[in-house]
Amino acid sequence: MAGYIFRRLLQALPVLVGTTFLIYFMVFAMPGDPLLALFGDKTPNPAVLERLREQYHLDQPFIVQYFLYLGGILRGDFGTSFSGEPVTDILARTFPVTIRLALMALFIEFVLGVLIGLISGLRKGKLFDASALVISLILISLPIFVIAFVAQFIFGIQLGWARTTVSAGAPIQDLILPAFVLASITFAQIVRLTRSSVIETQSLDFVRTAYGKGLSRRRIIPVHILRNSLIPVVTYAATDFGVLLVGATVTEGIFNVPGVGRTLYQAIIRGEGPTVVSFVTVMVLIYLVVNLVVDLLYGLLDPRIRYVK
Amino acid sequence: MTDVTNQKPLLEIKDLQVGFKTTEGVVPAVRGVDLTLMPGQTLAIVGESGSGKSTTAHAIINLLPGPGRITGGSIMFDGQELTSYSQKKMEEVRGRQIGFVPQDPMSNLNPVWSIGFQVEETIRANGIATGRKAVREHAIQVLKEAGLADADKRLKQFPHQFSGGMRQRVLIGIGLSSRPKLLIADEPTSALDVTVQRKILDHLETLTRDIGTAVLFITHDLGLAAERAEQLVVMYKGRIVEAGPSKEILQNPVHPYTQRLVAAAPSLASRRIQSGTAATPTHSLSDLDYAPTTVTESVDLIAAAEERLEQVPKGPSLAKRPDAIVVKDLTKVYNIRGQGKGKASELIASDNVSFSVAKGTTTALVGESGSGKSTVAKMILRLEDPTSGSIMIDGVDVAPLKGRPLLDLRRRMQPVFQDPYGSLDPLRNIGNTIGEPLQVHKVGDRTARRERVLELLDQVALPQNLITRYPNELSGGQRQRVAIARALALKPDIVVLDEAVSALDVLVQAQILKLLADLQAELELTYLFITHDLAVVRVIADNVCVMQRGRIVEAASTDQVFDSPQEQYTKELLNAIPGAGITLGV
Amino acid sequence: MSNNPPTPTPKHFVAPLEETPLVAIDAVNVGERKSNLWIDAWRDMRRRPMFWISAAIILLVVVVALFPNLFSQIDPRECVLSNSNGAPTGAHLLGFNKQGCDVFSRIIHGTSTSLSVGIIVVILTTVLGILFGAFAGFYGGWLDSILSRAGDIFFSIPYILAAVVIMSVFSAYRNVFVIALAIGIFAWPSTARVLRAEILRVKNADFVMASRALGVSNFKILLRHVLPNSIAPVIVVTTISLGAAIVAEATLSFLGVGLPNTTMSWGNDISAAQTDLRTAPQTLIYPSIALSVTVLAFIMMGEVVRDALDPKARAQR
């Protein structure tokens, strides 16, 4: 297992360098003044421009710039935001809120998604299965901001069950609605994936052999069917964490959740290019770390991965 | 078929009907099967794929897949009517009273749980032992019994760390762990190498005899069935066509279908040749006038083999023929990326292999999985580059050939591969598939190519209207015939048959072997026949090379190898041919 | 039946031949209809209502995008502020938005934006995906390592976030092509991965070996045998990703880094309407419905195609 972790960490290194380089390249290798481009039609304050020039080492050759920037990231320095506040300070303030929201959403999508997918798969072709399939298909087709607005409209405005915007401090009860919205898309995918995975696993030889051994259905479903069906679901969840990040940006923006996503959302809306770049970088790093963690988890789930190769 | 005994039957099946629900209604798979099995007895159900043999076995403990249902009849087991049992009551029967050993050891253990976990859960579920320690100890005992010496160390390992044979031992251990009165063994060793198969079946026999367990044995191999069971039941299209004592059925098959099977089974054929019964075709099929006569008549393997031999002396005798292939010191070394930190290891797949094949003859390269036989074939076909050594085709070393000369070589040497479902491009029609060689080598114009394709279809006894059809409309045997037609399209001298008949049912296999023999005689082909099945070799090959771990351990004429094998390994292989212990002869 | 003999002597039973008459071994049955993957898939699809429903919606969307004037004679740019957030009237089926423009007409005229972004993205991702996936999977070795690593890097930046950065940098050049490029340039690795996996499966088939033994060149084998047999899952992914690309465009426009306000697009309309959710929900709901139904049609089509092309998926219905 230690070897496996080591290899995974080693493999993550070029991806880290590659992604940060790609972002940096997109922003700063373009002809013309990258900073002016980043501000679009706005004319930034010369003092701000000067500070940013210094921060991004724009007086240096491109490749040197990049490594200085990468060095900054590795030291935890993501620069300062438009307002002059260090990005790390903003993160310290907003991250706990986002984590709270994300954990709630993950709980909803995983627990509910896997459960509904499992029931659906075990009762293939029945009413429950058919409804789950239709509902999940519709959920997948709805863009997250549409879901957010519909939820706001129905539960916030029409029914008055929830606040349309989250109050300061982001208490748990205020986060329930945004968490459901955030969870909805990946939830639908997890339902469908779990379902097809369960159906496939059910027909595998070792399940028949488990019945032949005299095991009861109550034992076979969790131990042999569900356990094996989770492997592709976890793989999917990791790669689709990006959808969750974008979703968090939109959801936090719409529900005014004071998290990392809203900061990015507002920076985008206001056209504060440099801040956008910093926060996108932060999100990509989060994505990398989550994928790494899931990869390691995957090793736990599937012994063939752990020992072979 | 009621038996009158002093004992009550352990299992008595009467008029069993099983159907599969489809959108077009219920398709019957088992149509009125009667079976009686006495305590401690062994009974084998033999049949081809689709005969309903496995379905019958699965129906007993209700392991039928989703759409399968018992639609009629009764299954009495030890005083219980199993057809009336609920899923819940059936759980009590499975494992405890009736053990089950499945077919493919690779797919029948859950890959994410350790071996120990999977044995222990069985012990717990069947109430054999309770308490952590007792269960563990019992699990070790079960695995030891199954023939895993270091069982206590292996409990924590996962299925992928076990070889196929070891996994099958685990499955047998699980099946017998609660000392059931009946064990259902569904092709328990078909996926294993013959020598492993033999060891495992011997072990199973000893175990069940000691425990006194009756065995219901499902197999497609008539020789294996007769060797392992006192009683034989032959199934065909969901019905029993013949049943009775094994030896009697083998020696005196009455039903024409059984006669077909006996005539076509390679394991029995090699036995029959040895015991000299070949000359008396008691069950020659040609005179069964009620068998429907079609292009695809039944084949007697021995008759085919003799016919082949008769045709050979027409040319110069074997010894005087020039060599078509001479392989010298052929070596292939693979570098395998090492397990763990950068350790690279070498795998010698072929180790100084030398042999020759005379023009117009067949040499068989025999070996178990991993013996390197396919690597040698691929090097001769120039699909793999040899590490060292030479391959002379008609006196020219072809190992270093490139470009045009290599393309010319390919015209003269063509392969037929094993997997009937992978050997044809599923998106190209049969005409295009057979015509591809002509197209690639720019032979003739469009009409000439079409003519040639039609001619080839005739040669392999396929109707011409298949030319616009696609592979998935054909059976495995028919696909292999198409593959043979493709191989023959360029009129090659040499055909390399890499397990070309191994995946086919016996009757179809016999048919293809006969076709190959006829084509060889007609077109003076040289065959290099790669197989794991020594039994088939007897009826098709003139010379045999036995390979083990990348080396040729014995090379001689077929008769010499079968009659007086020199090497221990060859003897083992010969002994492992199912049915080797049966005396035939009328 | 009679008295018990000491040992059981099982009878030799032979079934009458009439019961199971022998048939010829491996007789060829040439069916009435031809059958291969594509023929069977088409036969399967055309029996499913879901196929016809999604096909009809897609067709409608395409026709609306090409000939918007057939569906609405009202000029979407002719806005009267006094109609701001006005309720539907006879000629104005869905009412007015904040600027007093006709909502229905704006939806009709915004269709081509969504569809063209979707199509350009899909062309881009499919071309890049096939190039990277096919070469990586088929040739393997160091080429695979390089191409797959490159794919991993692009895959590790969620494509909407990447597009946000690109669109921020190219704020001066926001048009349909730039936005499609911004989405597509980071969305191709999923297509490449799917194709690579499929090619790894197909390239070891015996028919590939047989062609090699005929002397067919590697590249021709890839084109003639391997690619056609690996393309089915790519078609499924492509259909679904067309829907996803439309969502991506709408999301970027919604965030204000998509198309400029002057371009009519569903995303822009939804974005502009969000502040009026309480007072005039119809200005937000109708473009959202248009967007969602279009996306649903592509995703449904993808599912139908998957069911038809993948025997495993078919068995799960």
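As recorded by an unreviewed UniProt entry, chain B carries the name ABC transporter ATP-binding protein and is attributed to Herbiconiux oxytropis. Turning to chain B, the UniProt annotation filed under Sequence similarities (unreviewed entry) states: "Belongs to the ABC transporter superfamily."

An unreviewed UniProt entry annotates chain A as ABC transporter permease of Herbiconiux oxytropis. Listed under Sequence similarities (unreviewed entry) in UniProt, the entry text for chain A is "Belongs to the binding-protein-dependent transport system permease family."

(A) Spotlight on the packing of aromatic side chains. Tallied over the entire structure, the rule returns 19 aromatic pairs over all chains. Members of the aromatic cluster, connected to one another through ring pairs, are Phe 21, Tyr 24, Phe 25, Tyr 66, Phe 67 and Tyr 69 of chain A.

(B) Layout of the domain arrangement of chain B. Residues and elements named next belong to chain B. Looking at chain B, the domain boundaries give domain 1 (11-255) and domain 2 (313-575). When each unit is reduced to the centre of its C-alpha atoms, the spacing between domain 1 and domain 2 is 36 Å. Between domain 1 and domain 2, the residue contacts involve seven residues of the former and eight residues of the latter. Here domain 1 and domain 2 share an interface that buries about 780 Å² over both sides, 44% of which is from carbon and sulfur atoms. Linking domain 1 to domain 2 there are zero salt bridges. There are five residue pairs in polar contact (both at pLDDT 80 or more) connecting domain 1 and domain 2. Split into classes, the residues belonging to the side of domain 1 that touches domain 2 amount to two nonpolar, two polar and three charged.

(C) Structural detail: the pattern of salt bridges. Tallied over the full model, the rule gives 44 salt bridges over all chains. Here Arg 8 of chain A makes a salt bridge to Asp 295 of chain A, at a shortest N to O gap of 3.6 Å. In this pair, Arg 8 of chain A sits in helix α1 (residues 2-28) while Asp 295 of chain A sits in helix α13 (residues 273-301), placing the two residues 287 residues apart along the sequence. Owing to a relative accessible area of 21%, Arg 8 of chain A belongs among the partly exposed residues under this scheme. Asp 150 of chain B is paired through a salt bridge with Arg 154 of chain B; the nearest N and O atoms lie 3.4 Å apart. Note on Arg 154 of chain B: relative accessible area 17%, which makes it buried. Connected through shared salt-bridge partners, Arg 198, Asp 202, Glu 205, Arg 209, Glu 227 and Arg 228 of chain B make up one network.

Definitions and limits used
- Residues numbered from 1 in each chain as written.
- Chains lettered and ligands numbered in written order.
- Predicted model: local features only at pLDDT ≥ 70, side-chain atom pairs only at ≥ 80, totals over all residues.
- Heavy atoms only, no water.
- UniProt positions renumbered as here; feature names shortened; annotations may be inferred.
- Phe/Tyr/Trp six-rings, centres within 6.5 Å; stacked < 30°, edge-to-face > 60°.
- Domains from an automatic or database assignment.
- Contact = heavy atoms within 4.5 Å.
- Buried area = accessible area lost by both parts, 1.4 Å probe.
- Salt bridge = Lys/Arg side-chain N within 4 Å of Asp/Glu carboxyl O.
- Polar contact = N/O pair within 3.5 Å; in protein donor to acceptor, adjacent residues only side chain to side chain.
- Nonpolar A, V, L, I, M, F, W, Y, C, P; charged D, E, K, R; others polar.
- Helix = DSSP H or I, 4+ residues; strand = E, 2+ residues; numbered from the N terminus.
- Buried < 20%, exposed > 50% of the residue type's maximum accessible area, 1.4 Å probe, protein only.

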